[in-house]
Structure formats: C-alpha cells, structure tokens
Amino acid sequence: MKRITIKFFIISSIIIAVVLKIESTNAFNPISGTDLYTHARWNSIYDLTEKDTIDILIMGNSRSYNGINPKQLSCATSSLSFIIGAPGTTFKDTYFSFKEILKRTKPKLLVIETYCINNFSYTNSSGTLQSILKSFSAKINFKSKLESTPFLFGVNDWPYAWLTSIRNHNYIFDEKQNLKENIEKTPQIEESIKKGSDNKYVGKYQLYLGKYNGNSGLKKKVIERYKKEGPLTNGATRFVSDTHKEYLKKLNTLCLENNVELMFLTIPVYSESIKNHDVFRNYFGKIIKPLNRNWLDLQNNYDFLPSHFDNVYKAAHHTTADGSFACTKKLVDFIDNKYQDLIPSRKSEKSWLEKFYNTEEYFPYHSAINNDKKVIKLIENKNVDGIIVKECAYTSITQKYGIIWGKTTINDSINKNLKNYNLGLIAKVKMDGEVKNIQIIVPYSDIHSNGKKIVFLTRTKPLEIQQLYRASFIENKKKSPEESI
Amino acid sequence: MLFNSFEFLLFFITVAFTYFILKDKWRWALLLGASYFFYGSWNISYLILILLSTVTTFYSGILIEKIPSQKKNITFSSLAINLGILFFFKYYNFFATTVNSLNEDTLPFFDSLLPVVGISFYTFQALSYTMDVYNGKIISQKHIGKYALFVSFFPQLVAGPIEKASNLLPQFSENKIFNYDRVRSGLLLIVWGIFKKVVIADRIGIFVSEVYNAPSESYGVINIIATILFSFQLYLDFSSYSEIAIGSARIFGYKLSINFKRPYLSVSFKDFWKRWHITLNAWFFEYLYLPLGGNKKKGITTIRNIIIIFLVSGLWHGASWNFVIWGGINSIYLLVIERFLQSKKKKKKKLFGKIFFGTIIMLLWSASLVFFRANTFEDALTIYSNMNFSGIENLYDFGLNKLTFKITIRLLILVYVIELFQELGFTENKIFNAPIIIRWLIYLILPLSTLYFGAYGLDSSDSSFIYFQF
C-alpha cells in the first residue's frame with residue numbers, strides 16, 4: 001500500500017504542479033467583460049487600502065455600481081467612498097467580500113444595496129455561479145478565500161473557484177485569441193479598462209472607485225412597452241432566502257464587532273417596471289427591523305425621471321449616469337442627515353485632494369484652492385441680478401473639456417426660484433484658436449444643489465476666458481426633454 | 001454524484017483509504033455506508049426505495065428456503081413488489097398517457113413522479129437474486145448488511161454492470177488483501193474511462209445534442225453524421241461508466257463482470273449482442289428468454305421469443321414507444337439481416353470482410369439509434385426524413401468548430417485503433433511492462449488532457465452518463 005500511495009502522491013503532485021504552472025501564466029484569464037471590471041475594482045481597493053482608509057463602502061450587485069457615483073459621493077461628503085459591487089452576485093458573497101475588506105480597512109459606514117439580498121443561489125439561478133466566481137477570483141487573501149470556499153461553492157465547483165485554467169479550459173478550443181493575448185501579455189487587465197474610461201478613475205493613482213453607467217435614458221418606445229406589457233418586477237413575489245436572512249444577521253454582527261455603521265439602500269427601477277413595491281417594502285422592513293439599521297429606499301417616494309434609467313425593457317434594470325447622480329445626491333442628503341458626525345472630513349488632507357481636486361465632481365461642492373492658476377475665477381461674492389454669487393469659475397478638466405460652475409446659497413436667492421433659471425455669461429473667450437465674444441449658458445444643476453446651496457454647472461470645450469462682460473440669471477421657460485416625455 | 005466529478009474523486013479517495021485501514025470484518029459496513037451516501041447524494045428519498053427492494057428480496061430469499069411449499073407464492077410476491085415499484089416510478093406516467101390517449105382522462109398523471117436514478121439496474125439485480133434462490137442456484141444470504149451491499153454497491157449501483165448474486169455476494173465475505181497490481185490496474189481503468197467520457201463522448205455529445213434537440217433545423221448529411229456520432233457517444237459513454245465501475249471495484253478487490261467487449265468490431269448481429277451491454281443481455285437471456293422456451297422449439301416460437309426479448313429490452317431502457325421501436329428494429333436485424341450475414345460466413349473471416357461487415361453492422365445499428373436518441377417519435381421521423389448527402393458545408397455550425405471536430409474524430413480513431421489492438425490480444429499488462437517513461441507519460445497525459453481538453457465546465461450542458469436515466 002505504501003508503494004501505491006507514494007506513486008499516487010507523486011503523480012498527483014506532478015499533475016498539480018503542471019496545473020499550477022499553467023495557472024501562473026494567467027493565460028486563461030478572461031480579457032473582456034465584467035470579469036475585468038470586477039478584477040479592476042478589487043485591484044483598486046487593494047491599492048487604495050495600502051495607504052488610505054475607506055470611509056463609506058458600498059456593496060451589492062451591478063445595481064450598486066451603476067446606481068451610485070463614488071466620486072460624487074466622496075466629494076459631496078468630503079470622504080473616501082468606494083463601491084465593491086460584483087455583477088449578479090448574492091448576499092452571501094457580499095458578506096465574505098466584506099470580511100476580506102475588513103482585513104485591510106474598516107469603513108465608517110457600510111451601505112448595502114438591497115437587490116443582492118434575494119433568493120438567488122447558484123443552484124436556482126443560472127449565471128449566479130459565474131458571478132460569484134468573478135468576485136471570488138478577484139480576491140487575493142488566500143486564507144479568507146479558503147475559509148469562504150465551502151460556504152460559497154459546492155464541492156464540484158471548488159476547482160473552478162480556485163483555478164482559472166480549469167474554469168476556462170475551453171478557451172483552448174473556443175477562445176484562442178484570448179489565450180494568445182494573455183500569453184503575449186497584451187492587454188493587461190487594468191490597461192484595457194483604462195482605455196476610454198477616464199471618468200472612472202481619480203487622482204494620480206488612477207484608482208477605480210466603481211463604475212457608473214453612461215447609457216441613454218428611457219425613450220418613448222420602451223416607456224410605451226412598459227405601459228402596454230406591464231411591470232416586470234413584482235414586489236409581492238420577491239423574497240429573501242433563509243440563507244440570506246442568516247447572513248444578514250452575520251453581517252450585522254460583523255459590523256457591530258468592528259464598529260462599522262450599517263445601512264441599506266435600494267436603488268430604484270423605473271416606476272412603471274415594478275408593482276407591489278409596498279408589499280416588498282413591508283416584507284423586507286420586517287426582516288431588517290431586528291437589526292435596527294437605516295434603510296434608504298429610493299423606490300419609495302419615487303421622484304426619478306425616465307432619463308434616469310437604461311433604455312431597456314428589463315427587470316431590475318440599471319440607472320444611467322444621470323440616474324446615478326440623482327441617487328447619489330439622495331444618498332448624500334441621507335448621510336448628511338443621519339451620519340453627520342460619523343464621516344470624517346478629509347478635504348484638507350493631501351492624499352484626498354490628490355484624488356479629487358480638479359475633478360468635475362469636486363468644484364460643485366468645494367471652492368478652488370487660492371492661487372490655483374488653472375481655475376479662472378469669473379465672479380466672487382458679487383451681486384448678480386440681486387443675488388450674491390459666491391463663486392463662478394472655469395477650469396479645464398481634461399484636454400477635451402472643461403467646466404464652468406456657479407454657486408449661490410438659498411438665503412441669497414430667496415426671491416427667485418433658481419431651479420427655473422440658468423446663469424448666463426457673456427464673455428470674450430479664445431476657443432479653437434479664435435478670439436470671440438460668446439454667450440455661455442450655465443444651467444441649474446439639480447444633482448449638486450441641496451437645501452443649503454444652489455449650483456449651476458456646464459461642460460464646455462477647452463476655453464481661455466479673457467474677459468467677462470456680463471452675468472445674469474435667465475429664466476428657463478422650456479421644459480427639459482425628459483420632463484416633457 | 002457523478003463519476004466524472006470532483007466530488008466523486010474526493011469521495012472515492014476517502015473511501016478507498018479508509019477501506020484499507022479498516023479491519024476486514026468491518027469493510028462491508030464502510031462500503032454499505034458509502035453506497036447509501038453515494039445514492040442518497042442524488043436524492044435522499046431514493047434510499048427508501050432501495051431499502052424496500054433490499055428488504056423484500058432479502059426476506060423472500062430466506063422464506064423461499066424456510067417454506068419450500070410456498071416458494072412460488074413468495075417469489076411471485078417479491079417479483080410483484082419490486083416490479084410494481086419499478087413500474088410505478090418508471091412506467092406509470094407513460095402507461096397513463098397511453099391509456100388516456102385511447103380513452104381520455106381515465107388515469108391520473110403524476111407530474112411530481114421524478115425518474116429514480118438506477119432503479120432498473122438494482123431492481124434487476126435484486127430480482128435475479130430472488131429467482132436464483134427460487135431455482136436453487138444459490139443459497140440465500142443470511143447477512144442482511146452484506147446483502148444490502150450487494151444491491152447497492154456504489155461502483156455499479158446506478159448503471160451496472162448488473163451483477164449476479166453468485167458472482168458478487170461471495171466476494172463480500174472474502175478477505176481482501178491489498179494488491180499493488182490490482183489497485184494500479186483499477187486506477188488505470190478509471191482514468192481511461194474518465195478520459196473517454198469527458199474528452200470524447202461529451203465532446204461528441206455537444207454536436208449530437210445540437211442536431212437532435214432541434215431536428216427541424218438540421219438536414220442532410222449533418223443528420224447522418226450526428227446519428228453515427230451518437231452511436232460512438234453512446235458506446236463511449238456507457239462503456240466508460242462500466243470501466244470506471246469495474247476499476248473502482250477492482251481497487252477494493254472485487255471483480256465485476258465485463259459489460260462491453262469492443263462491440264463495433266462485431267462481424268454479425270449475434271456477435272454484436274454478445275459484446276454490447278453483456279450483463280443486461282445475459283439477464284434477459286437467463287430470466288426471460290429461457291423461461292419463454294428459448295430456441296428449443298425452432299421456428300415461430302424462437303422468432304416470437306427474440307421479438308419479445310428485444311421489445312422488453314427496449315422498454316427497459318425507457319418509458320417511451322421510441323425505445324420499443326428501437327428494440328423492434330434490432331429484433332428485425334437479428335432475425336432478417338443476420339441470415340444474410342450468415343450466408344457470407346467465409347468472407348467474414350478475411351480482414352476486408354471483417355471491416356466491411358463490421359461497418360455495415362455499425363451503420364445499421366446507428367440507424368436504429370435515431371429512435372433511441374430522438375426526444376419524440378416525430379423528432380425521429382424528422383431526422384430520418386431530412387437525411388441525405390447535402391449540407392456538409394454546415395458541419396461546423398453545430399457546437400463544434402473545425403479544430404474541435406477534427407481533434408474529436410482523431411481521438412475516435414485512436415480509440416478504434418486501441419480496440420483493434422485489444423482484439424488482437426493487447427492487454428494493459430503491455431503498458432505496465434513498458435519502459436518507465438512511457439508508463440509515466442500515460443499516467444500523466446490521460447488526467448492532464450482530461451482536465452484541459454475535456455468537454456466540461458460551467459458552460460457545458462448536462463455531463464451525466466446517458467444510462468443514468470434508465
């Protein structure tokens with residue numbers, strides 16, 4: 001028996017060594033799709049947490065990273081936020097992902113998007129295993145991966161979880177180009193993502209804070225289809241599995257042990273695509289009641305526009321970029337209201353400014369640094385049509401575009417409902433190599449304005465503003481296209 | 001728990017190591033526990049059925065010997081209970097559908113009646129025990145644990161080989177000493193079986209499924225190729241299961257019966273049925289064909305008996321008229337075409353003749369398998385009616401690209417060549433006596449190529465063995 005055991009051991013060891021060698025080439029890594037985004041997100045959080053502490057961590061499935069703009073959230077709350085959502089994942093996976101993150105950073109606030117708290121498991125939902133695998137393979141902590149394996153996967157899926165070359169061995173026959181590119185080391189995972197996605201990264205580290213959607217909003221045809229064919233999501237038939245209920249308790253305990261505040265967030269779907277949300281709201285409310293945690297349900301008291309949702313006839317569809325701005329604004333207000341003392345202000349910290357200063361999201365919430373030559377201040381604490389404009393300036397964001405913003409406060413604008421106004425500027429500018437006088441319309445920005453301040457913001461071509469002749473508030477009589485739908 | 005799964009690998013290694021550590025007198029208990037765990041892993045409620053079958057046949061065996069005057073009634077009762085269970089779980093809905101189609105809504109239909117994995121196999125094995133005790137061929141087993149192991153022995157539980165009690169039961173009472181050569185040979189058989197199943201049969205299965213699951217979308221030569229390929233898929237799938245079963249049992253020291261003996265090298269249909277699913281055919285021969293009179297009375301009685309055997313065998317495979325038709329076609333082959341082949345006896349002895357007749361048999365057998373593989377009777381007719389020699393340009397549109405198709409065909413040829421060598425007397429000992437480099441290359445290449453060239457994974461469709469459904 002000793003002889004065969006030794007032989008068996010040697011042969012098994014050689015086979016394992018060969019498999020590990022093949023694995024180490026990364027030849028079987030997927031080079032496209034959501035696998036890459038999930039990897040990039042995890043790589044970024046590992047990079048980020050080498051030096052920084054994350055303050056607000058958002059977790060969930062794809063609805064989380066399509067629903068919230070982490071840059072906007074960070075700038076608005078002067079903190080560092082990050083979304084570690086994985087497409088189509090389950091709450092069980094979210095729990096283990098949070099455990100992994102806790103080994104590196106302790107967020108002040110954990111926001112769980114509720115769509116991942118469902119009845120999905122990979123035995124009842126096709127594709128869920130693939131989703132969990134994406135999230136699992138992106139993690140690097142060997143011990144925590146090992147601990148989570150028996151809970152996340154059935155025995156037969158262990159090799160798929162641990163070995164990409166086994167999981168994707170069919171590339172040999174079906175995805176030869178993928179193999180070839182991996183073997184030639186082009187493109188690297190991060191490099192391929194960075195291409196054409198400059199607004200997904202911030203700061204000199206080019207860290208990935210989570211993706212938000214850039215798709216167009218709902219069009220008339222799809223809206224009519226929702227009306228005609230009816231909603232695709234029924235709150236009365238949505239339920240949470242016992243496993244997920246158990247993991248909710250576990251997550252709550254984990255948060256208590258680590259002094260992490262926990263809240264729930266529901267990113268909305270288009271109002272006509274869901275029915276009986278109140279039934280689910282009641283049901284889920286009862287489940288989380290014993291946890292005594294806050295829940296921001298954006299499907300409730302719904303005031304979103306069709307332009308906030310992807311132009312698809314689909315259950316649990318995503319929000320657009322505009323939609324994510326709108327959701328983020330509501331989350332910011334909620335955090336300001338409920339967790340004001342919890343979230344530290346990092347706006348004077350060098351590392352925070354390195355990440356967020358001179359981004360499009362920074363200026364609506366913060367003033368430009370004094371003597372910043374890149375920022376051309378046009379108005380500063382001046383009366384325009386009877387309203388004190390605190391700041392109006394231009395800065396170049398990238399080589400392709402710049403922004404002009406204007407800020408005032410509610411007190412200063414008491415006589416006018418500035419929602420219906422644009423800030424109009426007549427200026428002498430140098431644009432496309434030509435000097436000319438132009439009128440610039442800076443519209444009211446609902447997503448950046450709140451109960452205290454009013455913001456006007458627009459993107460422009462790169463400009464050199466030589467002289468401001470005049471500024472005024474111009475009434476906007478036309479309804480926006482989405483309002484007229 | 002499939003043989004071709006990681007779960008089974010862990011299970012088997014654990015059971016095998018524990019088996020050899022345990023004292024001999026407790027090994028049956030380990031194997032019985034492992035067998036019930038193995039079977040229960042599909043569905044825990046299956047255990048109730050196998051326990052019922054075990055208890056009834058075990059006590060009927062004892063009672064047959066204790067009360068000889070009642071042995072007919074006891075045997076009949078045992079057969080009735082076991083065949084009743086088999087009928088209800090496997091055939092009831094089919095029966096109800098057939099009756100209801102003649103006389104609307106006469107019988108209720110049970111949607112929740114799920115097929116029970118392996119029920120035909122262990123029921124036949126248990127019944128053979130009862131009939132052997134009744135016929136006085138064996139004495140009844142007095143140890144219920146060992147008898148339960150005979151019915152449920154995990155290597156052959158769900159898809160055979162169907163063992164006779166006289167072969168397997170005594171082995172559970174023997175002292176099994178660890179034997180290096182035996183274990184090595186068992187391991188090689190397992191690895192070879194898994195390679196054939198995962199790398200070749202399942203790859204062919206992708207093509208066959210694409211064609212047979214949407215028969216109206218394929219036509220011409222594609223249907224012919226898919227049908228011929230299915231005959232290889234079926235053979236490789238089922239024979240690999242048998243080899244893994246035999247190899248697994250061999251490691252523990254038990255000798256299971258050979259189930260396949262290179263059937264595609266047959267020179268006649270009679271020869272084919274002696275090489276194909278040998279243990280099932282032997283069962284039908286002994287417990288149905290002979291009691292019906294066999295071929296004692298020449299002429300019409302023999303013809304009747306052969307037809308009955310094939311129709312019942314067809315029905316054994318599945319609760320569908322397709323299987324009955326498949327059985328019927330094969331009875332015609334044996335009764336009609338076999339006569340023609342017999343008349344060409346001299347030619348068959350020459351190599352060319354062997355290849356020629358072997359090819360004819362294989363093609364006719366493949367043609368009958370259309371009914372075996374098609375999902376419905378209408379699908380089978382569609383496949384047949386769309387067969388012609390056009391459309392070869394669509395060959396790579398059915399799940400296998402050019403590279404995969406070519407590799408698969410080359411591997412099929414490799415298996416064919418290996419079988420030719422085996423037919424000429426090449427045994428595994430040649431491998432064990434080969435230089436160490438060749439031996440170790442085989443030990444390493446088979447599992448590694450299964451891992452990297454196998455048709456398995458998250459995107460693969462069902463990878464279970466075809467005969468599990470029977």
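Before reading further, recall that the structure is shown in the block above.
What counts as what
- Residues numbered from 1 in each chain as written.
- Chains lettered and ligands numbered in written order.
- Predicted model: local features only at pLDDT ≥ 70, side-chain atom pairs only at ≥ 80, totals over all residues.
- Heavy atoms only, no water.
- Helix = DSSP H or I, 4+ residues; strand = E, 2+ residues; numbered from the N terminus.
- Rg over C-alpha atoms; globule rule 2.2 N^0.38 Å.
- Buried < 20%, exposed > 50% of the residue type's maximum accessible area, 1.4 Å probe, protein only.
- Contact = heavy atoms within 4.5 Å.
- Areas by Shrake-Rupley, 256 points an atom, 1.4 Å probe, with all protein chains shown as cover.
- Salt bridge = Lys/Arg side-chain N within 4 Å of Asp/Glu carboxyl O.
- Pairing = 2+ DSSP bridges.
- Axes fitted to C-alpha atoms, helices over the stretch in contact; angles between N-to-C directions.
- Core = buried A, V, L, I, M, F, W, Y, C linked by side-chain atoms within 4.5 Å.
- Buried area = accessible area lost by both parts, 1.4 Å probe.
- Nonpolar A, V, L, I, M, F, W, Y, C, P; charged D, E, K, R; others polar.
- Lys, Arg positive; Asp, Glu negative; His and termini not counted.
- Polar contact = N/O pair within 3.5 Å; in protein donor to acceptor, adjacent residues only side chain to side chain.
- Phe/Tyr/Trp six-rings, centres within 6.5 Å; stacked < 30°, edge-to-face > 60°.
- Lys NZ or Arg CZ within 6 Å of the ring centre and 35° of its normal.
- Parallel < 35°, antiparallel > 145°, perpendicular 65-115°, else oblique.
- Left-handed = near helix turned anticlockwise from the far one by under 90°.
- Patch = residues over 30% accessible without salt bridge, like charges linked within 9 Å, V, L, I, M, F, W, Y side chains within 5 Å.

(A) Region of interest: the overall build of chain B. In terms of helices and strands, chain B carries 19 helices and zero strands. For chain B, the C-alpha radius of gyration of 23 Å lies close to 23 Å, the compact-globule estimate for 470 residues. Taken along its principal axes, the extent of the C-alpha atoms in chain B is 70 × 65 × 50 Å. By residue count, 55% of the 470 residues in chain B fall in the buried class. Once local pairs closer than 6 in sequence are excluded, the contacts in chain B between residues at least 24 apart make up 76%. Carbon and sulfur atoms make up 67% of the accessible area of chain B, which amounts to about 21,300 Å² in all.

(B) The pattern of salt bridges, seen in detail. Scanning the entire structure with this criterion turns up 29 salt bridges over all chains. Of the charged contacts in the structure, one is a salt bridge between lysine 139 of chain A and aspartate 93 of chain A, with a shortest N-O distance of 3.4 Å. Taken together, the residues span a long stretch of sequence, with lysine 139 of chain A in the loop between α6 (128-138) and α7 (142-152) and aspartate 93 of chain A in helix α5 (residues 91-102) at a distance of 46 residues. The exposure class of lysine 139 of chain A is buried, given its relative accessible area of 5%. In this structure, the salt-bridge partner of lysine 176 of chain B is glutamate 174 of chain B, at a minimum N-O distance of 2.7 Å.

(C) Region of interest: the sheet that holds strand β3 (residues 109-113) of chain A. All names here are of chain A. Here we have five strands laid out as an open sheet, ordered β2-β1-β3-β7-β9, and parallel in their pairing. Here the strands that pair on one side only, and so sit at the sheet edges, are β2 (81-83) and β9 (294-297). Between one strand axis and the next, the sheet turns by 20° as a mean value, whatever way the strands run. One ladder, built from three bridges, connects strand β1 (residues 56-59) with β2; its direction is parallel. Bridged to leucine 57 within β2 is phenylalanine 82.

(D) Summary view of the nonpolar core. Judged by nonpolar contacts, the single largest core of 240 residues is most densely connected at Leu57, Phe98, Leu110, Ile112 and Phe264 of chain A together with Phe154 and Phe207 of chain B. Apart from residues lying up to four places away in sequence, leucine 110 of chain A is in contact with Leu57, Met59, Phe98, Leu251, Cys255, Val260, Glu261, Leu262 and Met263 of chain A. Counting 25 residues, the second-largest nonpolar core is a separate cluster that includes Leu425, Phe456, Leu463 and Phe473 of chain A.

(E) How the structure looks around the sheet that holds strand β14 (residues 434-443) of chain A. Residue and element names in this part refer to chain A. Spatially, β14-β13-β16 is the arrangement adopted by the three strands of the open sheet, whose pairing is antiparallel. Strands at the two margins of the open sheet, each flanked by one partner only, are β14 and β16 (464-475). Across this sheet, the average inter-strand angle for adjacent strands is 20°, counted without regard to direction. As paired strands, strand β13 (residues 421-431) and β16 are joined by ten bridges and run antiparallel to one another. Bridge pairing links tyrosine 421 to glutamate 475 in β16.

(F) Expanded view of the interface of chain A and chain B. Counting from both sides, the interface comprises 32 residues of chain A and, opposite them, 32 residues of chain B. Taken over both partners, the interface formed by chain A and chain B buries close to 3,000 Å², and the fraction arising from carbon and sulfur atoms is 75%. On the surface where chain A and chain B come into contact, there are zero salt bridges. Sorting the residues of the side of chain A that touches chain B by element identifies α1 (2-24), α6, α8 (158-162), α9 (164-167) and α10 (171-174) of chain A as the ones contributing at least two each. At twelve residues, α1 of chain A tops the list of elements feeding residues into the side of chain A that touches chain B. Taken together, the residues that form the side of chain A that touches chain B break down as 20 nonpolar, six polar and six charged.

(G) Local environment of the side chain of glutamate 113 of chain A. Residues and elements named next belong to chain A. Within the fold, glutamate 113 resides in strand β3. Lacking a salt bridge, the buried glutamate 113 has arginine 63 as its closest oppositely charged neighbour, with an N-O distance of 4.2 Å. A polar contact is formed between the side chain of glutamate 113 and the backbone nitrogen of tyrosine 115, at a distance of 2.9 Å. Leaving out residues up to four positions away in the same chain, glutamate 113 has contacts with Met59, Gly60, Asn61, Arg63, Ser64, Leu265, Thr266 and Ile267.

(H) Broad picture of the side chain of threonine 149 of chain A. Residue and element names in this part refer to chain A. Looking at the element boundaries, threonine 149 is found in helix α7. According to the relative accessible area criterion, threonine 149 is buried, its value standing at 5%. Residues within four places of threonine 149 in sequence aside, it is in contact with Phe136, Trp158 and Trp162.

(I) Representation of the packing of aromatic side chains within the structure. All names here are of chain B. One pass over the structure, following the stated rule, counts 102 aromatic pairs over all chains. Seen in terms of ring centroids, phenylalanine 11 and phenylalanine 154 are 5.1 Å apart; in terms of plane orientation they differ by 75°. Their pairing is edge-to-face. Of the two residues, phenylalanine 11 sits in helix α1 (residues 6-21) while phenylalanine 154 sits in the loop between α6 (144-152) and α7 (165-168), which places them 143 residues apart along the sequence. By relative accessible area, which is 9% here, phenylalanine 11 ends up buried. The class of phenylalanine 154 is buried, set by a relative accessible area of 0%. Across from the ring centre of tryptophan 316, 5.2 Å away, lies the NZ or CZ of lysine 90, which sits over that ring. Its end group placed over the ring of phenylalanine 432, arginine 184 keeps NZ or CZ at 4.0 Å from the ring centre.

(J) Spatial organisation of the pairing of β13 of chain A. Residue and element names in this part refer to chain A. Most of β13 is tucked away, with eight of its eleven residues classed as buried. The pairing of β13 with β14 spans ten bridges and is antiparallel. Of the residues in β14, the one forming a bridge with lysine 430 is valine 435. The turn linking β13 back onto β14 is made up of two residues, and aspartate 432 within it adopts a positive phi angle of 55°.

(K) Structural detail: the packing of α1 of chain B against helix α2 (residues 27-40) of chain B. Residue and element names in this part refer to chain B. The N-to-C vectors of α1 and α2 enclose an angle of 170°; their axes lie 10 Å apart at closest approach. In terms of orientation, α1 and α2 fall into the roughly antiparallel class. Between α1 and α2, the residues in contact are Phe8, Phe11, Val15, Thr18, Tyr19 and Phe20 and Arg27, Leu30, Leu31, Ala34, Phe37 and Phe38, respectively. A class-by-class count of the residues in the contact of α1 with α2 yields ten nonpolar, one polar and one charged.

(L) Broad picture of the packing of α5 of chain A against helix α14 (residues 242-257) of chain A. Residues and elements named next belong to chain A. Interhelical geometry of α5 versus α14 gives an angle of 20° and a closest axis separation of 9 Å. With respect to their mutual orientation, α5 and α14 come out roughly parallel. Note on packing geometry: the crossing formed by α5 with α14 is left-handed. The residues of α14 that touch α5, namely those facing Phe91, Lys92, Tyr95, Phe96, Phe98, Lys99 and Leu102, are Thr243, His244, Tyr247, Leu248, Lys250, Leu251, Leu254 and Cys255.

(M) Layout of a nonpolar patch on the surface. Residues and elements named next belong to chain B. A cluster of nonpolar side chains, namely Val55, Tyr59, Leu63, Ile67 and Ile144, defines an oily patch on the protein surface of about 390 Å² accessible area. Ranked by residues supplied to the nonpolar patch, first place goes to helix α3 (residues 46-66) with three residues. Here leucine 63 lies in helix α3. A relative accessible area of 36% means that leucine 63 is categorised as partly exposed.

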